[in-house]
Amino acid sequence: MSDDNLSVSRRKRVNFIKGFLVTLFLVMIITPLIISTTALIYVTRLDKKVDELSDQVSKLELTYMLKSSADEALDSMIADRSDQVIKEEDLLSNQAAEPVKEAQIEESSNKKVYLTFDDGPSSNTEKILDILDEYDVKATFFVTGYQAQKHPEWYKEIADRGHTIGMHSYSHVYRDIYSSNESFTADIDRLSTYIKETTGIEARYLRFPGGSSNSVSSVAMSDLCALMHEKGYEYFDWNISSQDATSPAPSAATITANVLSGIDAHETAIVLMHDAAEKNATVAALPGIIEGIKARGDCDILPIDDDTQPVQHLSPVFEEE
Ligand code: ZN
């Protein structure tokens, strides 16, 4: 082998090594570069994806939050609306209550007149009831038991027509009922039972025969007044007498005048009249009495009830509890 051949061969080998080194270099440099570039691109994409997902999550959270607040707002609105409805109902009920108050004020500014009839029922009861119906007026009947035996149907008729049934005594015999506390109590218990049996009504109001100020009782009337209060009864005397029980019997015109002349002096007027067979003048006077009271324009004619201010000649004496 010549020197030339040797140098060519060496050069080839050198070139090969050079080529190999260059290739190796390129492979060692470029491959990681490509890999890292690809990886970078991939990471960038992933990053973008993460950002997008994160955005979506945020949006979902926001939506949820908005929905929650909307729900809360809606709840709040519904609650407010409910409050408003309740307030409106209050307002309505207040509005409904107001006219009643006004009516009460109006009613309280009028005089209260209570027409009361003692001693019935009688053959005149029906006539009295018809007159009261004609004028649409309710009254109070302090009934007896012995008279009701003759007219048993009239207790119920009085009550059915809207009038108040009070008690006046069963026998109306002064010397018997006023002989002792026990006698009076027994008489009233008998009447109370009789009224209950015939009408179903628990009578709670009482008029003492002769009034609480009568001077014929053998027992102290103050004791009887207290005793009746203890039994749960309220007693009513009168502050206007029609004087229809005086002798000789007054005319209808006198009875009417007696009643009407007494109205001015009282804010609560309890008028004493009688429902008895012989008291025709009272029946005849009744239309004029009602017309006269109504014509004043400042009176309400009412039946006695729990709101009635009692008129009592004698106040009950209560023992200290
Ligand atoms: Zn009487």
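Small disclaimer: the values here were computed from a predicted structure and weren't measured.

What counts and how
Residues numbered from 1 in each chain as written. Predicted model: local features only at pLDDT ≥ 70, side-chain atom pairs only at ≥ 80, totals over all residues. Heavy atoms only, no water. Helix = DSSP H or I, 4+ residues; strand = E, 2+ residues; numbered from the N terminus. Buried < 20%, exposed > 50% of the residue type's maximum accessible area, 1.4 Å probe, protein only. Contact = heavy atoms within 4.5 Å. Areas by Shrake-Rupley, 256 points an atom, 1.4 Å probe, with all protein chains shown as cover. Pairing = 2+ DSSP bridges. Donors = N, O, S within 2.8 Å, 3.2 Å for Na, K, Ca; no water. pLDDT = per-residue confidence, 0-100. Salt bridge = Lys/Arg side-chain N within 4 Å of Asp/Glu carboxyl O. Expected span 1.5 Å × (residues − 1). Phe/Tyr/Trp six-rings, centres within 6.5 Å; stacked < 30°, edge-to-face > 60°. Lys NZ or Arg CZ within 6 Å of the ring centre and 35° of its normal.

**Describing the overall build of the protein**
Helices and strands together make up the secondary structure of the protein, namely nine helices and eight strands. Of all 321 residues assigned to the protein, the portion counted as buried reaches 34%. Considering only intrachain contacts with a sequence separation of at least 6, the fraction spanning at least 24 residues in the protein is 79%. As displayed, the protein offers around 19,400 Å² of accessible surface, 56% of which is attributable to carbon and sulfur atoms.

**Structural notes on the pairing of strand 3 (residues 164–169)**
Burial analysis of strand 3 places six of its six residues in the buried class, which makes it a mostly covered element. In this sheet, strand 3 lies alongside strand 2 (residues 140–144) in parallel orientation, the contact comprising five bridges. In the strand pairing of strand 3, F141 is matched with I165.

**What to know about the coordination of the zinc ion**
The zinc ion binds to the protein through D119 (OD), H168 (NE2) and H172 (NE2), with metal-donor distances spanning 2.0 to 2.1 Å. In primary-sequence terms, the residues that donate to the zinc ion follow D-x48-H-x3-H. The pair formed by H168 and H172 is uniform in burial state, with each residue classed as buried.

**Things to note about the confidence of the model for the protein**
Predicted coordinates in areas of low pLDDT are best not read in detail. Looking at the protein, the pLDDT average stands at 82 and 72% of residues meet or exceed 70. A low-confidence stretch, residues 62–103 stays under pLDDT 50, and its non-local contacts, those more than four residues away or across chains, total one contact.

**Examining the pattern of salt bridges**
Inspection of every chain in the model, using the stated rule, returns 12 salt bridges. As a salt-bridge pair, D264 and R296 come within 2.8 Å of each other at their nearest N and O atoms. Of the two residues, D264 is situated in the loop between helix 8 (252–262) and strand 7 (268–274) and R296 in helix 9 (residues 280–296); the sequence distance between them amounts to 32 residues. Classification of D264 by relative accessible area gives exposed; the value is 57%. Since its relative accessible area comes to 29%, R296 is described here as partly exposed. It is possible to trace a salt-bridge network through shared partners that takes in D130, D133, E157 and R161.

**Description of the environment of V143**
Mapped onto the elements of the fold, V143 is located in strand 2. For the pair V143 and W154, spaced 11 residues apart in sequence, the C-alpha to C-alpha distance is 10.0 Å. Beyond its immediate sequence surroundings of up to four residues, V143 is in contact with G120, P121, Y155, I158, I165, G166, M167, H168, S169, L191 and I195.

**Regarding unusual backbone geometry**
Note the cis peptide between G120 and P121, where omega equals 0°. Summarising the element assignment, P121 is placed in the loop between strand 1 (111–118) and helix 2 (125–134). Here the amide bond leading from S247 into P248 is cis, since omega sits at 0°, within 30 degrees of zero. One can find P248 in the loop between strand 6 (240–241) and helix 8. Located in the positive-phi region is D119, a residue other than glycine, with phi close to 85°. Phi angles above zero are rare outside glycine, and Q243 is one such case at about 55°. Structurally, Q243 is set in the loop between strand 6 and helix 8.

**Remarks on the pairing of strand 2**
Taking burial as the measure, the five residues of strand 2 include five buried ones, the bulk of the element. Alignment of strand 1 against strand 2, held across three bridges, turns out to be parallel. Along strand 2, the bridge assignment pairs D118 with F142.

**Digging into helix 6 (residues 181–199)**
End to end, helix 6 covers 27 Å across 19 residues, agreeing with the expected 27 Å (1.5 Å per residue, within 8%). Burial in helix 6 covers these residues: F184, T185, D187, I188, L191, S192, Y194, I195 and T199. Among the residues trailing helix 6, G200 stands out with phi positive, at a value near 85°.

**Points about the packing of aromatic side chains**
Throughout the structure, instances matching the rule amount to eight aromatic pairs. Ring geometry for F117 and F141: centres 5.1 Å apart, planes at 20°, overall stacked. Note that F117 is positioned in strand 1 and F141 in strand 2, a separation of 24 residues in sequence. The buried category is assigned to F117, whose relative accessible area is 1%. A relative accessible area of 1% means that F141 is categorised as buried. Every member of this aromatic cluster is reached through a ring pair, and the members are Y174, Y178, F184, F208 and Y235. A cation over a ring is seen here: R190 above Y170, with NZ or CZ 3.8 Å from the ring centre.

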